Amino acid sequence: MRKSSGVTAAGCELASCHLCYKLADSSQHRCSRCGSALHIRNQGSTQNTLALLITASILYVPANLLPIMITNQLGGTEPATIIGGVLLLIKLGSMPVAAIIFIASVIVPLSKLFALYYLCWYVQRGSAVSARQRTVLYRVAEFVGKWSMVDVFVVSILVALVNLGGLMVIRPGPAALAFAGVVLITMVAAESFDPRLIWDQLEERDE
Amino acid sequence: MTLPETALALYRNDMQLLALLVGGFIVVLPFVLLLLLLLLCAPLQANRPMPWLGRVGWLVFTLQRWCMVDVFLIGAIVSMVKIAMLATLVLGLSFWAYVGFTVMFTLSLSNLDRLRCWNMIERLQGEGG
């Protein structure tokens, strides 16, 4: 079951530029066309990705436990966490909006973290079962990344919009920053992961 | 409320870092990217070699994935639904302008063929130098 033609760029000592896709001799350090750094495989890709993932996982704890938004209403103060906001939306009867927020700020970041952990583990362990599925997993994790920022943007819009003097003021909570950190760090993690490592497993199995 | 005010409001609430991030992602970055796209595509379309093509191309394809105008639009709609429960909301003209901008901008970014762009840049620069 040989899927590859047997000739790969890496096998010919050629490195593909990650930015403009030009093939160049791997002894060069910069792409001759666009000037990006050139490697056959990103160096320490799995290690960097893992380190970023662990950082994001640690940040994920305060992002969920601390309030993301604090509402001051007629003297009373009401802090709300991410989950609290979703529950409130369900109680107020707007299911579609609750679903958007739940998917964007709970399901997406969590599944992204787990997908990248899994890919790192898989690349290190080395087995070539269904590389195609893993590629799809990586593509999805990369595409979905920025959409988790929705909740941070919602908070910032509400903070700017709702300021009715003493009646009602919305302030951003510390979780907003932590959550933005989680999203951005997982985006960098997805970028630093080298998907070519997934496909290398196919070559190794063939040999 | 205007677009830059979202970032300013965060700044006033002692969230300088978050204000910087939000302002960067929704005000500065789309503007810069739009200018860079013009600088990249106009010479390519006109077949005119320009000295900055390589560097601008590198910037466009690096910044591309950090552009969050589409995400912000969804965020704006969600917060409108939230606000609509508390107060009446009148949409400003700028909202529709932003919707148009987001749709067009997202379309133009997804229309950009990376390989074709770079092949053209290489050809033009070969002619120029």
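If you're wondering where the values come from, they're calculated on a predicted model, not measured in any experiment.

## Here we look at the packing of aromatic side chains
Inference 1: Within the structure shown, the criterion is met by 10 aromatic pairs over all chains.
Inference 2: On the numbers, 5.5 Å between centres and 45° between planes, the contact of Y138 of chain A with F193 of chain A is tilted. In this pair, Y138 of chain A is assigned in helix 4 (residues 131-144) and F193 of chain A in the loop between helix 6 (174-192) and helix 7 (196-206), connecting sequence segments 55 residues apart. Grouping residues by exposure puts Y138 of chain A and F193 of chain A together as buried.
Inference 3: Aromatic side chains F61 of chain B and W118 of chain B sit 6.2 Å apart centroid to centroid with 40° between the ring planes, which places their arrangement in the tilted category. Of this pair, F61 of chain B sits in helix 3 (residues 53-63) while W118 of chain B sits in helix 6 (residues 114-128), and the two are 57 residues apart along the sequence.
Inference 4: One residue, R134 of chain A, lies across the ring of Y122 of chain A, its end atom 4.3 Å from the ring centre.

## Remarks on the sheet that holds strand 3 (residues 69-73) of chain A
Residue and element names in this part refer to chain A.
Inference 1: Spatially, the three strands line up as an open sheet ordered 4-3-5, and their pairing is antiparallel. The outermost strands of the open sheet, each flanked by one partner alone, are strand 4 (76-80) and strand 5 (168-172). Strand-to-strand twist across the sheet, computed as the mean angle between neighbouring axes with direction ignored, equals 20°.
Inference 2: Looking at chain direction, strand 3 and strand 4 are connected through five bridges and run antiparallel. The residue of strand 4 that forms the bridge with I70 is P79.

Parameters and conventions
Residues numbered from 1 in each chain as written. Chains lettered and ligands numbered in written order. Predicted model: local features only at pLDDT ≥ 70, side-chain atom pairs only at ≥ 80, totals over all residues. Heavy atoms only, no water. Phe/Tyr/Trp six-rings, centres within 6.5 Å; stacked < 30°, edge-to-face > 60°. Helix = DSSP H or I, 4+ residues; strand = E, 2+ residues; numbered from the N terminus. Buried < 20%, exposed > 50% of the residue type's maximum accessible area, 1.4 Å probe, protein only. Lys NZ or Arg CZ within 6 Å of the ring centre and 35° of its normal. Pairing = 2+ DSSP bridges. Axes fitted to C-alpha atoms, helices over the stretch in contact; angles between N-to-C directions.

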